[in-house]
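# Coordinate analysis (summary)
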Amino acid sequence: MNRRLFAASMAFVSFLGLWALDFEGYSLQPVMVSAESSSGLEAIYVVPGGQPSARIVYEASSQQVRWYRFSNLGGAYAEEVATDHSGNRWSIPVAGTDMGYIIEDGSTRHCYWVVDYQAHRFDVSALTASPAEDCGRTILAVDGDASPIPYYSINGRRMELSRELNLSYSTLAFDEGSFAYSLVPAEITLAGIGGSTVINSPLCNTSFRLEGDRFLRAWNSVVEVESEVYTTVAVEAQTKASNMHQAADNEQTDQSGDLGGSAPCEVRFEAAASDAAIFTEWQISRSAEFEDVDDRYTELAFDYTFTESGTTYVRFVANNAAGDCEFVSTTYEIFIGESKLEIPNAFTPQSSPGVNDEWKVSYKSLVSYECHIFNRWGTRLFSSTEPSEGWDGKYRGKFVPAGVYYYVIKAVGADGVKYERAGDINIINFTGTDNSSAGTETE
């Protein structure tokens, strides 16, 4: 067939449906695979091979049938093949090697590629695994070959047919609910393998099992090879941090991020690491680049109380035994705001239950605190070392009379500011609709 005739006849190609071929002379059924649309082929057939008397059969819709064969050069170099037919069944001998076929059936044309599996057998006798330079990758090497099977488009373009090899092994998967890694099976489908193939590293020691291929599975003749146990080097971890400190109703948080707020602020840090993480460490620094590490914790989970104003940086680092594979977490930023102390000078403990009935300071980031309240004769009525605590206006279980009382407060802020304050507290007992007015002394 010359190129001009081939190009003109291709205009009549019909893609309205898949016209299947049949094969005679094989004890095993050939496997039909859909071809890529860009190939111009309607299907690819993989035959078991080894049967020189095997024939390709086509059921025609007309009595005008012509067959052509083409190689990797494409359909432009196709050569016509003599055919036999009985009724509407037309046949030719299988070429015994990979070959393309064109069938002209009246005004329609059908194109196929037939693969002789004997020339592309799954031929792998051993499988080995070794770490790649990139800690997150593993190199699989085979003795033998099971590369993707080549075929050629109607235009002579080389394409590849996936063998759909099954590679199975074990790895670790992280579970958010339990915040831990657990052993899980893993499976990858490979188009083929020849020489070496690189995959993502498993997170635990495991052996690899390679099963091939899709055609042997169809013929119930699966071949498996298994590697020796691979020692993992890949390091992976998951981390989280959460505020443990619950702000009191009189504490100003003024929080700029998810972590931190008012000191003293307790934050819980947690990490889960994969099997190869032999060395693990939480690092705490006032430097975002961790040029100086102020504290180190080897526990995977710990609580830390922040008492200095400003931003502190925390990260988790893990390494394998050789120290050549490292994991570094995201950096957590814990911001502690400047200290504040605001002192009310009046309250109404008996006049309106639930409204201004307790004397409390308003504060932020106080790392030490001491408060005493006295009456005019110097009797100490109330003491506290917790700024979240307030005075309910009682002494020995009973409300004190309305009048003027005195407070003395000493405190230190997370920013180093020292507070030494003294002043009046007015207890106002009256009835009415507005019992909420009270002045404030602010420092």
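Computed from a predicted structure; not experimentally measured.

## Things to note about the overall build of the protein
- Along the backbone of the protein there are 2 helices and 38 strands.
- Expected size for 443 residues packed as a compact globule is a radius of gyration near 22 Å; at 41 Å, the protein overshoots this value by more than 25%.
- In terms of its C-alpha atoms, the protein occupies a principal-axis envelope of roughly 125 × 55 × 35 Å.
- Expressed as a percentage of its 443 residues, the buried residues of the protein come to 45%.
- Relative to all contacts within the protein whose residues are 6 or more apart in sequence, the contacts with residues 24 or more apart total 65%.
- When the accessible surface of the protein is summed, it comes to about 22,000 Å², and 45% of that surface belongs to carbon and sulfur atoms.

## Focus on the packing of aromatic side chains
- Within this structure, the stated rule accounts for 25 aromatic pairs.
- A centroid spacing of 5.3 Å and a plane angle of 55° characterise the contact between phenylalanine 23 and tyrosine 45, whose relative ring orientation is tilted. Here phenylalanine 23 is found in strand S1 (residues 22-24), whereas its partner tyrosine 45 is found in strand S3 (residues 43-47), with 22 residues between them in sequence.
- Of the residues examined, tyrosine 45 reaches a relative accessible area of 3% and is grouped as buried.

## Considering the pattern of salt bridges
- Here the structure, examined in full by the defined rule, presents 16 salt bridges.
- With a shortest N-O distance of 3.4 Å, glutamate 164 and arginine 214 are connected by a salt bridge. Of this pair, glutamate 164 sits in the loop between strand S14 (158-161) and strand S15 (165-175) while arginine 214 sits in helix H2 (residues 214-218), and the two are 50 residues apart along the sequence.
- In the salt-bridge network here, residues are joined through shared partners; they are Asp22, Glu24, Glu59 and Arg89.

## Comments concerning the nonpolar core
- With 66 residues, the main nonpolar core has Leu167, Leu210, Phe215 and Phe269 as its most contacted residues.
- Once residues within four sequence positions are removed from consideration, leucine 167 is found in contact with Leu127, Leu140, Ala186, Glu187, Ile188, Leu190, Ile199, Phe208, Arg209 and Leu210.

## A closer look at the sheet that holds S3
- Taken together, the 6 strands give an open sheet; going across it, the order is S2-S3-S10-S9-S5-S6, and neighbouring strands pair in mixed fashion. The open sheet has two edge strands, strand S2 (31-33) and strand S6 (79-81), and neither has a second partner. Neighbouring strand axes in the sheet, compared pairwise and without regard to direction, differ in orientation by 30° on average.
- Alignment of strand S5 (residues 65-70) against S6, held across 3 bridges, turns out to be antiparallel. When the sheet's bridge partners are listed, arginine 69 is paired in S6 with glutamate 79.

## Digging into the confidence of the model for the protein
- Scored by pLDDT, the protein has a mean of 91; 92% of the residues are at 70 or more.
- Per-residue pLDDT stays below 50 along residues 1-18; that stretch engages in 32 contacts with residues further than four places along the chain or on separate chains.
- The low-confidence segment residues 432-443 (pLDDT under 50) makes 27 contacts with residues lying over four places distant or belonging to another chain.

## As for the pairing of strand S11 (residues 123-131)
- By the bridge criterion, 8 bridges tie S11 to strand S12 (residues 137-146) in an arrangement that is antiparallel. The residue bridging valine 124 from the neighbouring strand is glycine 144, located in S12.
- Counting the residues that bridge the hairpin from S11 to S12 gives 5 residues.

## Regarding the sheet that holds strand S22 (residues 265-273)
- With antiparallel pairing, the 3 strands of this open sheet are ordered in space as S20-S22-S25. For this open sheet the edge positions go to strand S20 (237-243) and strand S25 (301-306), each flanked by a neighbour on one side alone. Across the sheet, the mean angle separating the axes of adjacent strands is 20° when strand polarity is ignored.

## Points about the state of the cysteines
- A complete count under the given rule lists 1 disulfide for this structure.
- Disulfide pairing is shown between cysteine 135 and cysteine 325; the S-S distance is 2.0 Å. Residues cysteine 135 and cysteine 325 share a disulfide whose torsion about the S-S bond is about -85°; that sign makes it left-handed. With cysteine 135 in the loop between S11 and S12 and cysteine 325 in the loop between strand S26 (310-319) and strand S27 (326-328), the pair connects residues that are 190 residues apart, well separated along the chain.
- Taking relative accessible area as the criterion, cysteine 325 reaches 3% and is therefore assigned buried.
- We note that cysteine 204 lacks a disulfide partner, and the nearest cysteine sulfur, in cysteine 325, lies 15 Å from it.

## So, the pairing of strand S9 (residues 99-105)
- Of all 7 residues in S9, 7 are buried; the element is thus mostly enclosed.
- Going residue by residue along S9, you find Met99, Tyr101, Ile103 and Asp105 tucked away on one face and Gly100, Ile102 and Glu104 tucked away on the opposite face as well.
- In the sheet, S5 pairs with S9 via 6 bridges, with the strands oriented antiparallel. Counted as the bridge partner of phenylalanine 70 is glycine 100 from S9.

## A look at unusual backbone geometry
- Cis geometry is adopted by the peptide bond preceding aspartate 213, which originates at glycine 212 and carries an omega value of -20°.
- With respect to the element layout, aspartate 213 can be found in the loop between strand S18 (209-212) and H2.
- Geometrically, the link from alanine 263 to proline 264 is a cis peptide bond, its omega value of -5° lying close to zero.
- Relative to the helices and strands, proline 264 resides in the loop between strand S21 (260-261) and S22.
- Even without being glycine, phenylalanine 179 reaches a positive phi, approximately 50°.
- In this fold, phenylalanine 179 is placed in the loop between S15 and strand S16 (180-190).
- By relative accessible area, phenylalanine 179 is classed as buried at 11%.

## Quick word on the side chain of glutamate 104
- For glutamate 104, the position within the fold is in strand S9.
- Using a relative accessible area of 16% as the deciding quantity, one classes glutamate 104 as buried.
- Among the polar contacts made by the side chain of glutamate 104, one reaches the side chain of arginine 109 at a distance of 2.4 Å.

Scoring rules and cut-offs
- Residues numbered from 1 in each chain as written.
- Predicted model: local features only at pLDDT ≥ 70, side-chain atom pairs only at ≥ 80, totals over all residues.
- Heavy atoms only, no water.
- Helix = DSSP H or I, 4+ residues; strand = E, 2+ residues; numbered from the N terminus.
- Rg over C-alpha atoms; globule rule 2.2 N^0.38 Å.
- Buried < 20%, exposed > 50% of the residue type's maximum accessible area, 1.4 Å probe, protein only.
- Contact = heavy atoms within 4.5 Å.
- Areas by Shrake-Rupley, 256 points an atom, 1.4 Å probe, with all protein chains shown as cover.
- Phe/Tyr/Trp six-rings, centres within 6.5 Å; stacked < 30°, edge-to-face > 60°.
- Salt bridge = Lys/Arg side-chain N within 4 Å of Asp/Glu carboxyl O.
- Core = buried A, V, L, I, M, F, W, Y, C linked by side-chain atoms within 4.5 Å.
- Pairing = 2+ DSSP bridges.
- Axes fitted to C-alpha atoms, helices over the stretch in contact; angles between N-to-C directions.
- pLDDT = per-residue confidence, 0-100.
- Disulfide = S-S within 2.5 Å.
- Polar contact = N/O pair within 3.5 Å; in protein donor to acceptor, adjacent residues only side chain to side chain.

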